[in-house]
Amino acid sequence: QLHLVESGGGLVQAGGSLTLSCAASGRTFANYATEWLRQAPGKEREFVADIGTSSDSIHYADSVKDRFTVSKDNAKNTVYLRMTSLKPEDTAVYYCAAKVLTTRGTTEYLYWGQGTQVTVSS
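Quantities reported herein were computed from a predicted structural model and do not represent experimental measurements.

Some thoughts on the state of the cysteines
- Counted under the stated rule, the structure contains one disulfide.
- With a sulfur-sulfur separation of 1.9 Å, Cys22 is cross-linked through a disulfide to Cys96. Between Cys22 and Cys96, the S-S dihedral sits near 70 degrees, and the bridge is therefore right-handed. Of the two residues, Cys22 is situated in strand S3 (residues 18-25) and Cys96 in strand S9 (residues 92-101); the sequence distance between them amounts to 74 residues.
- Under the relative-accessibility criterion, Cys96 is labelled buried at 0%.

Structure below.
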């Protein structure tokens, strides 16, 4: 069993920065690919970024590309999301999830964190 806990959210002004952490326990986090997702009030859950098991594969949503950076520290069993140049539209609850991609091309989310709130004021 892998237990994930997000932290680092809070209130920040537009243009500011935050770093979110996704700390894992129970299993070796390096064995899982990790996805960051977010959900704003009244909106569908949205892909933000993901990172492969060995940090060799990284993807970003177009909306956050060049502003957010995802990284993994296997020694600390933690995945990070560095967010810069934050905009009010980035306001959402941010989640991390351990996942696998099936041979059918679908994503299976195996474990979820509880989420952390990011609020960007204008």
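Having seen it, we continue.
So, the nonpolar core
- Core analysis: the largest hydrophobic core is formed by 27 residues, its most contacted members being Trp36, Leu81, Met83 and Tyr94.
- Non-local contacts of Leu81, meaning those with residues more than four positions away in its chain, are made with Leu18, Thr19, Leu20, Trp36, Val48, Ala49, Phe68, Thr69, Val70 and Tyr94.

Observations regarding the packing of aromatic side chains
- Taken as a whole and judged by the stated rule, the model has three aromatic pairs.
- Between the aromatic rings of Tyr32 and Tyr111, the centroid separation amounts to 5.9 Å while the plane-to-plane angle is 90 degrees, which identifies the pairing as edge-to-face. Taken together, the residues Tyr32 in the loop between S3 and strand S4 (33-39) and Tyr111 in strand S10 (residues 107-112) connect sequence positions 79 residues apart.
- The exposure class of Tyr32 is buried, given its relative accessible area of 11%.

Section: the environment of Ala97
- Topologically, Ala97 is positioned in strand S9.
- Ala97 gets classed as buried once you look at its relative accessible area, which sits at 0%.
- Each C-alpha atom, one on Ala97 and one on Thr34, is 5.6 Å from the other, the two residues being 63 residues apart in sequence.
- Once residues within four sequence positions are removed from consideration, Ala97 is found in contact with Leu4, Ala33, Thr34, Glu35, Leu37, Tyr109, Tyr111 and Trp112.

Overview of the pattern of salt bridges
- Tallied over the full model, the rule gives seven salt bridges.
- Measuring nitrogen to oxygen at the nearest pair gives 2.8 Å for the salt bridge that ties Glu35 to Lys99. Separated by 64 residues along the polypeptide, Glu35 in strand S4 and Lys99 in strand S9 bring together distant segments of the chain. In terms of burial, Glu35 and Lys99 fall into one category: buried.
- For Lys65, the salt bridge identified is with Asp62, shortest N-O distance 3.1 Å.
- Among the residues examined, Asp62 registers a relative accessible area of 65% and is labelled exposed.
- Salt bridges sharing partners connect three or more residues here, namely Arg38, Glu46, Arg67 and Asp90.

Quick word on the sheet that holds strand S8 (residues 78-83)
- Taken in spatial order, the four strands of this open sheet run S1-S3-S8-S7, and their pairing is antiparallel. Looking along the sheet, the strands with just one partner apiece sit at the ends: strand S1 (3-7) and strand S7 (68-73). In this sheet, neighbouring strand axes are inclined to one another by 15 degrees on average, regardless of whether the strands run parallel or antiparallel.
- Sheet analysis places S3 next to S8, joined by six bridges and oriented antiparallel. Directly across from Ala23, in S8, lies its bridge partner Thr78.

Calculation criteria
- Residues numbered from 1 in each chain as written.
- Predicted model: local features only at pLDDT ≥ 70, side-chain atom pairs only at ≥ 80, totals over all residues.
- Heavy atoms only, no water.
- Disulfide = S-S within 2.5 Å.
- Helix = DSSP H or I, 4+ residues; strand = E, 2+ residues; numbered from the N terminus.
- Buried < 20%, exposed > 50% of the residue type's maximum accessible area, 1.4 Å probe, protein only.
- Core = buried A, V, L, I, M, F, W, Y, C linked by side-chain atoms within 4.5 Å.
- Contact = heavy atoms within 4.5 Å.
- Phe/Tyr/Trp six-rings, centres within 6.5 Å; stacked < 30°, edge-to-face > 60°.
- Salt bridge = Lys/Arg side-chain N within 4 Å of Asp/Glu carboxyl O.
- Pairing = 2+ DSSP bridges.
- Axes fitted to C-alpha atoms, helices over the stretch in contact; angles between N-to-C directions.

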